[in-house]
Amino acid sequence: MRDAGECAWRGRVDLGVIPAKLSILDRSSNRVGKSNAQALRDTVRFAQQAEALGYHRFWVSEHHSVPGVAGSAPTVLASAIAAATSTIRVGTGGVMLPNHQALVVAEQFGVLESLFPGRIDMGLGRSVGFTDGVRRALGRDKDAAEDFGAQVKDLLGYFTDGHDGVHAYPAEGLRVPAFVLATGAGADIAADLGLPVVVGGPKIEPTVARYRERSRDPYVILAVNVAVADTAEQAKRLLLPEAWSMVYSRSHGVFPPLQPVESIDMSPRERERVERGLQGQIYGTEDEVIAALDQLPEADELLITLSTFDRDEMLASYSRLIRAVTRATRTAGSAPAR
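The sections below set out a description of the structure shown in this document. (Residues numbered from 1 in each chain as written. Predicted model: local features only at pLDDT ≥ 70, side-chain atom pairs only at ≥ 80, totals over all residues. Heavy atoms only, no water.)

**A look at unusual backbone geometry**
Cis geometry marks the peptide bond from Gly93 to Gly94; its omega dihedral reads 0°. For Gly94, the location among the structural elements is in the loop between β3 (89-92) and β4 (95-96). For the bond from Tyr169 to Pro170, the omega torsion is 5°, close enough to zero to count as cis. Inspection of the secondary structure assignment puts Pro170 in the loop between α5 (148-157) and β6 (178-181). The backbone phi angle of Ser65 is positive, close to 60°, even though this residue is not glycine. With respect to the element layout, Ser65 can be found in the loop between β2 (57-60) and α2 (74-84). Positive phi, normally seen in glycine, also occurs at Asp164, with a value near 50°. Examined against the element boundaries, Asp164 turns out to sit in the loop between α5 and β6. (Helix = DSSP H or I, 4+ residues; strand = E, 2+ residues; numbered from the N terminus.)

**A word on the pattern of salt bridges**
For the coordinates displayed, the defined rule picks out 13 salt bridges. Measuring nitrogen to oxygen at the nearest pair gives 3.0 Å for the salt bridge that ties Glu242 to Arg27. Of the two residues, Glu242 sits in helix α8 (residues 232-252) while Arg27 sits in the loop between β1 (22-26) and α1 (36-53), which places them 215 residues apart along the sequence. Owing to a relative accessible area of 22%, Arg27 belongs among the partly exposed residues under this scheme. One connected set of salt bridges, linked through shared partners, spans Arg57, Arg89, Asp121 and Glu301. (Salt bridge = Lys/Arg side-chain N within 4 Å of Asp/Glu carboxyl O. Buried < 20%, exposed > 50% of the residue type's maximum accessible area, 1.4 Å probe, protein only.)

**A few points about empty space enclosed by the protein**
For the coordinates displayed, the defined rule picks out 1 cavity of 30 Å³ or more. In this structure, the largest cavity spans a volume of roughly 30 Å³. Lining of the largest cavity is provided by Ser29, Asn30, Arg31, Lys34, Ser35, Gln38, Ala39 and Asp42. Here the lining of the largest cavity is built from residues that sort into 1 nonpolar, 4 polar and 3 charged. (1 Å grid on protein atoms, 1.4 Å probe; cavity = no way out; pocket = protein on both sides within 12 Å on 5 of 7 lines; lining within 4 Å. Points joined across faces, edges and corners; volume = space filled by probe spheres on them. Nonpolar A, V, L, I, M, F, W, Y, C, P; charged D, E, K, R; others polar.)

**Observations regarding the packing of α1 against α2**
Packing of α1 against α2 leaves a shortest axis separation of 9 Å and a crossing angle of 40°. With respect to α2, the element α1 is oriented oblique. In this structure, α1 crosses over α2, and the sense of that crossing is right-handed. Seen from α1, the contacting residues are Leu40, Thr43, Val44, Ala47 and Gln48; seen from α2, they are Leu77, Ala80, Ile81 and Ala84. (Axes fitted to C-alpha atoms, helices over the stretch in contact; angles between N-to-C directions. Parallel < 35°, antiparallel > 145°, perpendicular 65-115°, else oblique. Left-handed = near helix turned anticlockwise from the far one by under 90°. Contact = heavy atoms within 4.5 Å.)

**Details of the packing of aromatic side chains**
What the rule picks out here adds up to 5 aromatic pairs. One aromatic cluster is present, formed by Phe46, Tyr55, Phe58 and Tyr318 through successive ring pairs. (Phe/Tyr/Trp six-rings, centres within 6.5 Å; stacked < 30°, edge-to-face > 60°.)

**A few points about the pairing of strand β8 (residues 220-228)**
Most of β8 sits inside the fold, with 8 of its 9 residues counted as buried. Relative to strand β9 (residues 282-284), β8 is paired through 3 bridges, and the arrangement is parallel. What sits directly across from Ala227, in β9, is Tyr283. (Pairing = 2+ DSSP bridges.)

**So, the nonpolar core**
Membership of the largest hydrophobic core comes to 83 residues, with the highest contact counts inside it found for Leu293 and Leu321. Sequence-distant contacts of Leu321, defined by excluding residues within four places in its chain, comprise Leu22, Tyr55, Val226, Val228, Val289, Leu293 and Ile304. By size, the runner-up hydrophobic cluster in this structure holds 9 residues, among which are Trp59, Phe179, Val198 and Leu303. (Core = buried A, V, L, I, M, F, W, Y, C linked by side-chain atoms within 4.5 Å.)

**Overview of the pairing of β6**
Residues of β6 alternate between two faces, with Ala178 and Val180 on one and Phe179 and Leu181 on the opposite face, all of them buried. Sheet topology places β6 next to strand β7 (residues 197-199); 2 bridges connect them, and they run parallel. Paired with Val180 across the strands is Val197, a residue of β7.

**Section: the side chain of Ser28**
Counting through the fold element by element, Ser28 comes out in the loop between β1 and α1. Looking at Ser28, its side chain comes within polar contact range of the side chain of Thr43, at 2.8 Å. Apart from the residues lying within four places of it in its own chain, the contact partners of Ser28 are Ala39, Leu40, Thr43, Gly68, Val69, Ala70, Gly71 and Leu77. (Polar contact = N/O pair within 3.5 Å; in protein donor to acceptor, adjacent residues only side chain to side chain.)

**Some words on the environment of Ala190**
Examined against the element boundaries, Ala190 turns out to sit in helix α6 (residues 186-193). Judged by its relative accessible area of 0%, Ala190 is buried. Between the C-alpha atoms of Ala190 and Phe179, which are 11 residues apart in sequence, the distance is 7.6 Å. Residues within four places of Ala190 in sequence aside, it is in contact with Val180, Leu195, Pro196, Val197 and Tyr211.

Pasting the structure below:
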């Protein structure tokens with residue numbers, strides 16, 4: 001069983017399954033007119049704000065050769081975030097293990113855990129470089145992800161007694177919680193290894209169900225995009241900059257920096273694609289978002305993502321969300337048993 005710091009808070013809102021534990025995944029998205037350095041500094045500042053709001057974890061991602069994303073080295077960025085905060089858990093969402101040697105990953109997290117004991121999470125994904133050029137630069141083939149399960153086992157072994165006389169100091173003997181991002185067979189691997197799983201995307205329900213069936217000690221984190229504002233229309237506008245960048249990347253091969261909604265010029269076809277991209281994302285007023293979250297599969301934790309051009313509006317959305325969930329779960333806790 002996991003220690004008390006990692007146990008789920010099992011309270012749920014009445015008639016629903018919304019967990020009280022909320023966390024954040026931030027991609028260090030760049031904004032038009034801002035530098036990569038500013039994007040990274042903004043991420044560190046945002047982690048401080050998230051800690052003040054009461055969020056449980058703050059994770060950063062790994063992307064390579066993406067002009068609109070400054071977050072390419074998550075363990076390095078996690079170190080800066082952990083140094084600038086004091087209570088929030090800090091980790092990766094995730095390190096793409098097929099891109100790296102397990103020994104080096106173990107050493108990096110060993111250093112992090114040694115510097116910031118009891119606050120580091122090791123989120124692991126199975127994606128490889130997105131293009132042939134990136135994969136060549138990383139020294140990986142497209143099929144590198146096929147051995148993800150073995151790679152995870154190899155990595156975890158370095159936290160116990162190493163392999164063939166090779167030791168990952170200072171990781172050996174340390175406890176760094178590992179989480180598996182459920183892409184492809186990731187959920188099955190997490191279940192078989194007894195690890196928590198992070199599930200997102202369009203096939204959440206069957207993935208969660210399969211994981212719970214296979215795992216002896218399930219812990220489910222749902223990754224969802226959420227925007228909260230005074231009105232549903234205002235909340236939807238918060239999602240448009242990233243949705244537009246995603247549509248642009250699929251037609252041009254480049255994910256660009258986020259830009260203000262008023263400067264986005266979409267053709268009817270592009271607007272249709274943006275609308276499709278927004279399907280499955282959650283946005284609205286506090287009450288509307290709570291109602292939508294209530295329809296998700298039962299989970300132990302929510303991992304929230306929102307990237308928009310205006311960082312003040314982004315922070316306001318996160319503030320509204322944690323306030324609404326806290327109010328809902330407290331109300332549920334005080335309701336009489338049925």
